[in-house]
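# Descriptive structure summary
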Amino acid sequence: MALLDLKNIRKKFDSTEVLKGVSFDVEKGEVVSILGPSGSGKTTLLRCINFLERADSGTMEFDGTSYDLGTISKKDMLAIQKKTGFVFQDYNLFRNKNVLDNVTLGLTSARKIPKDKAEKKAMDMLSRVGMADYAKQYPSQLSGGQQQRVAIARALATDPEIIYFDEPTSALDPQLTGEVLSVMRKLASDGMTMLVVTHEMSFAREVSSKVIFMDGGVVAESGSPEDIFTHPKKDRTREFLRLEEKTK
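In this report, the structure presented in the accompanying data block is examined. Keep in mind that what you see is a predicted model, and the values were worked out from it rather than measured. (Residues numbered from 1 in each chain as written. Predicted model: local features only at pLDDT ≥ 70, side-chain atom pairs only at ≥ 80, totals over all residues. Heavy atoms only, no water.)

### Quick notes on helix H3 (residues 99-110)
- Relative to the 16 Å expected for 12 residues at 1.5 Å per residue, H3 spans 18 Å between its end C-alpha atoms, a close match to the ideal helical length.
- Within H3, burial applies to Val99, Leu100, Asn102, Val103, Thr104 and Leu107.
- Packing partners of the buried residues in H3 comprise helix H4 (115-128) and helix H5 (144-156).
- If you check the start of H3, you find a side-chain oxygen 3.2 Å away from the backbone N of Leu100, and it comes from Asn98.
- Following H3 by one or two positions, Lys112 has its phi on the positive side, about 60 degrees. (Helix = DSSP H or I, 4+ residues; strand = E, 2+ residues; numbered from the N terminus. Expected span 1.5 Å × (residues − 1). Buried < 20%, exposed > 50% of the residue type's maximum accessible area, 1.4 Å probe, protein only. Contact = heavy atoms within 4.5 Å. Polar contact = N/O pair within 3.5 Å; in protein donor to acceptor, adjacent residues only side chain to side chain.)

Put into structure tokens, the structure is as follows:
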């Protein structure tokens, strides 16, 4: 049974339909990469399934329980959010708090974990992403890659069943991109379930269990990395991959 099963997710902003019935599933331990041009609905989808935006309709089965996204209660949203992690494009760290506090805050405030236990957990996760030595520094003292690794540690600290990544390297230069992707590759090899919106074709090709190509608010094509990168069925998929290759 899939950990996450999405059926017919729809979302409009004013009169613009951004998601036009998106359906796919994610098995436990899978890395599913979502590719597609800007404006195809990738980020909106992630935000809807983690309730940063409200979907208009559709169903989500998460961890064996089915939810109607058009009518889901606040209580159910919070329960699902506690089982997920989210890594933003722009890190989303608190600028006025040091690295350790950024990771512990969600544990002490939302989950009421005692401070000493939260700090031990935070340090364990910072070690996991190679950032333990920076625990007392502030975001302004870190590179973009270091900030993103702190954001990943923050997501890991809650013991999520799945982590959503929204283009986690898009704000980084190539060297810093490499250090973040290295952490993500390690998480994948450790069995972390991940749903990743990305423009990093090599990561999607090498690490994904499944690749989804979104275009115009729908899943245009999905399959194994081999299916999508080597034998794409749709002209639109081929065109997108060709353009991505040219921009490298």
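### Considerations on the sheet that holds strand E4 (residues 57-62)
- Spatial strand order, E2-E1-E4-E5: four strands in an open sheet with antiparallel pairing. Both outer strands of the open sheet, strand E2 (16-26) and strand E5 (65-68), are each paired with one neighbouring strand and no more. Across the sheet, the mean angle separating the axes of adjacent strands is 20 degrees when strand polarity is ignored.
- Against the sheet, helix H1 (residues 42-49) makes contact with strand E1 (4-13), E2 and E4, and its axis sits at roughly 115 degrees relative to E1, the strand it touches most. (Pairing = 2+ DSSP bridges. Axes fitted to C-alpha atoms, helices over the stretch in contact; angles between N-to-C directions.)

### Remarks on the nonpolar core
- One finds Leu126, Ile152, Phe165, Met184 and Met194 to be the most contacted residues of the largest nonpolar core, which totals 38 residues.
- Where this core is concerned, the elements lending two or more residues are H3, H4, H5, strand E7 (162-166), helix H6 (174-189), strand E8 (194-197) and helix H7 (201-207).
- The element contributing the most residues to this core is H6, with seven residues. (Core = buried A, V, L, I, M, F, W, Y, C linked by side-chain atoms within 4.5 Å.)

### Concerning the packing of H3 against H5
- Packing of H3 against H5 brings their axes to within 8 Å, and their N-to-C directions diverge by 30 degrees. Considering their axes alone, H3 and H5 lie roughly parallel with respect to each other. The handedness of the crossing between H3 and H5 comes out as right-handed. Of the residues in H5, those touching H3 at Val99, Asn102 and Val103 are Val150, Ala153 and Arg154. (Parallel < 35°, antiparallel > 145°, perpendicular 65-115°, else oblique. Left-handed = near helix turned anticlockwise from the far one by under 90°.)

### Topic: the sheet that holds E7
- On the basis of which strands lie adjacent, the open sheet formed by six strands has the order E6-E7-E8-E3-E9-E10 and mixed pairing. The sheet is open, and its two borders are formed by strand E6 (84-87) and strand E10 (218-223), each paired with just one other strand. Between one strand axis and the next, the sheet turns through 15 degrees on average, direction left out of account.
- Both strand E9 (residues 210-215) and E10 contribute to a ladder of five bridges, which runs antiparallel. Pairing of Phe213 across the sheet is with Glu221, part of E10.

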